[in-house]
Structure formats: C-alpha cells, structure tokens
Amino acid sequence: MVHQQRSGARLSPSSDTEDTTDMGMLLAPRLAHFAGVARTEHVTRAAQEMNVPQSTLSRAMARLEQDLGVDLFARHGRTVSLTPAGRTFLTSVERALAEVRRAADEVRADADAATGKVAFGFLHTMGAETVPALLHAFRADHPRVRFGLVQNHGEAMLEGLRAGQLDLCLTSPVPDAPDLVARRLDEQKLRLVVPADHRLAGRRRVRLAEAAEETFVTLEPGYGLRRITDALCQEAGFRPRVAFEGEEAETLRGLVAAGLGVALLPPPTVPRPGVVELAVTTPRAVREIGVAWPAGREDTPPVAAFKKFLLSRRGTLLPD
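Right, let's walk through the structure included here.

1. As for the sheet that holds strand β12 (residues 275-280)
And then number 1: The 4 strands lie next to each other as β8-β12-β7-β11, forming an open sheet whose pairing is mixed. Two strands close off the open sheet at either side, each with one partner strand: β8 (205-206) and β11 (263-265).
And then number 2: When strand β7 (residues 191-195) meets β12, the two strands line up antiparallel, connected through 5 bridges. Its bridge partner being in β12, P195 is matched across the sheet by V275.

2. Some points on helix α9 (residues 249-257)
And then number 1: Taken residue by residue, α9 has A249, L252, R253, G254 and V256 as its buried positions.
And then number 2: Of the residues that open α9, the one with a side-chain oxygen 2.9 Å from the backbone nitrogen of E250 is E248.
And then number 3: Within two residues after α9, G259 carries a phi angle of roughly 80°, on the positive side.

3. Details of the pairing of strand β1 (residues 73-76)
And then number 1: The sheet contact formed by β1 and strand β2 (residues 79-82) spans 4 bridges and is antiparallel. The residue bridging F73 from the neighbouring strand is L82, located in β2.
And then number 2: Between the antiparallel neighbours β1 and β2 lie 2 residues, among them G77 with a positive phi of about 70°.

Rules and cut-offs
- The numbers attached to residues start from 1 for each chain and follow its sequence in the written order.
- In keeping with the predicted nature of the model, local features appear solely for residues at pLDDT of at least 70, side-chain atom pairs appear and are counted solely at 80 or more, and the whole-chain, interface and lining totals rest on all residues.
- In computing side-chain properties, one takes all heavy atoms of the structure into account and sets aside hydrogens as well as water.
- Pairing between two strands is assigned when DSSP locates at least 2 bridges connecting them.
- Numbering of helices and strands runs from the N terminus; a helix is a DSSP stretch of H or I covering at least four residues, while a strand is a stretch of E covering at least two.
- Residue exposure (1.4 Å probe, protein chains only): buried if accessible area is under 20% of the type maximum, exposed if over 50%, otherwise partly exposed.
- Contacts described as polar in this section are N or O atom pairs within 3.5 Å, which, within protein, must combine one atom able to donate a hydrogen with one able to accept it, while residues neighboring in sequence count only if both atoms come from side chains.

The structure is reproduced here in structure tokens:
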C-alpha cells in the first residue's frame, strides 16, 4: 500500500537504529491521544473523553503527522477520518497500548500487598527442607502472596539481584558488596562425609588435617561451598586433591558412597546409605547463611513483608 508522504518529512528511508529508537521515544507519549481521536473520529469529543484541551490534542496530532511524514487523518470540518496510513498505524498502536496496559496490570498485581509476588532465590542445599518450611510458615499470615523460586549457586543469585531478576536470596557465604545489603541469619555445621568402608568411618569426630591425603569431591568453582571447602582445607594445612566437581550436594554424597572420594557437606535432609558423616573438630567447619537484597531498591509490600519475616528467623532459620 502506498501512503501519501508529507513534504519536509523528518524520516528518511535510510534512518538507522539510533534514529528509530529516538522516534519511538518521541512518539510514545502521543500514541494514546492518536488512538482516542481515531476511535471517536472527532477531536473535540476525544479531548473531552481524555480530559485534554482540544488545542493541545490538535497540536499533538499535527506534530505526530509531521514527525511521521504522512497524513494520518482526513479533516472534514469538525470531524476526522483515518487515511490508509492512519489505519495501518492504528493497528500497531492499539496492539502496543494493549501490551502496555497488560504490563501495567502485571506489575501492579505483583506489588499488591495481599496477592503480590516475591522473586526469591536460594541455594540448592536449602531446597528440600529449609525453604519449604519457611514458605509454609510465611503463608500462614500471607496466604495469597505468590513466589517465583530460583535455585542456584551464590554468585549466580547475586547477579540475579543486580539484574533485577530476584528480590531476595538466601546465600552463603554472606556477601560483602557495596551494591548489596546482606544480613547473617544462621550458621550450618559442615561434616566430613566418607564412604562407609573408609578408614575413618568408625570415628565420630575428626580433625580435617587427617583427610589431607584423601581425594575430595567438591562443588564447582564459583559455588560458595567450594570456596569454604578450599578455605577450611588451607586452614588445616593442605590443599585438597579434587577428583570430581559437581553442582549439587546430594550428587557429591553419591560419589562418596561409590568410593570416589570424601567431601565437606552440610547435613543431608535424610540419611544417605553408604556414607558416614563425621563432625569436624578443627578447624571450626561451618558456613554462614544470610539473606541479601539490592541496596537502594524500594521494596514492594509483599517483598517487604517476606524480608521482615526472614530477618525475624535469625538464629532459627535452619532445622535443628
């Protein structure tokens, strides 16, 4: 379809991406006004419905046509009708406005105090027991708050906070970064997990230095528990010989049960056959669990409520 082009149009066929972006920003405030005039085919009536001065609306439509370089309306005294170019433009404008309304409804719903949504991240090791118990307790007083749950390792969750993908996360170690706020909530003892037929399996307690010659199975670099394992081994006077690296603690327990190494791990949700879990006497083998959120970001009511709930669980976050 060929549309009548105005003389002195600002756009050219060779407009690059930057020009297109600028044009989108330029046109955006006028789209609802254009749709209102197109719907009523009467500038005065549209101005009344939108509570906009008629002169303002008329100037906006004239400027819109000037910026686009085409006539969108044919004038007939006090009434107007869409040109072919106007009808083409209206189809996309209505679609764009509907999408904006849908997005506005969605973000308002997510911020609702009673039925809003919290984007919540947590470590894989907290997914089987700790987080379900927390959510159950929180929803006793907030039964309709919704959650988007993300399980990942610590660094990935911190990046999720920075990128606006998460509101809060439970992580370890507790981060120390200027763009994040973090609060320590609890600590979790780590155990040396050995195969059931291991030379240390008959013990209840062990010094970590006694495992200096063992082969270790650990989480991959970048995981908080891996950094803690490396640091504890260094404190015990050795560097662990790592044979296998994984992404999930229970997988590591399976590797230990298969006789492929030993591991420093938090307690399991349920006992795992084929392994023995030994208390570590020295160094003190624990990991701190904390909650983190972006600094300077204003909380929606459901996020604020859940944050307050988590902070109230300081010292009682983890099961006994």
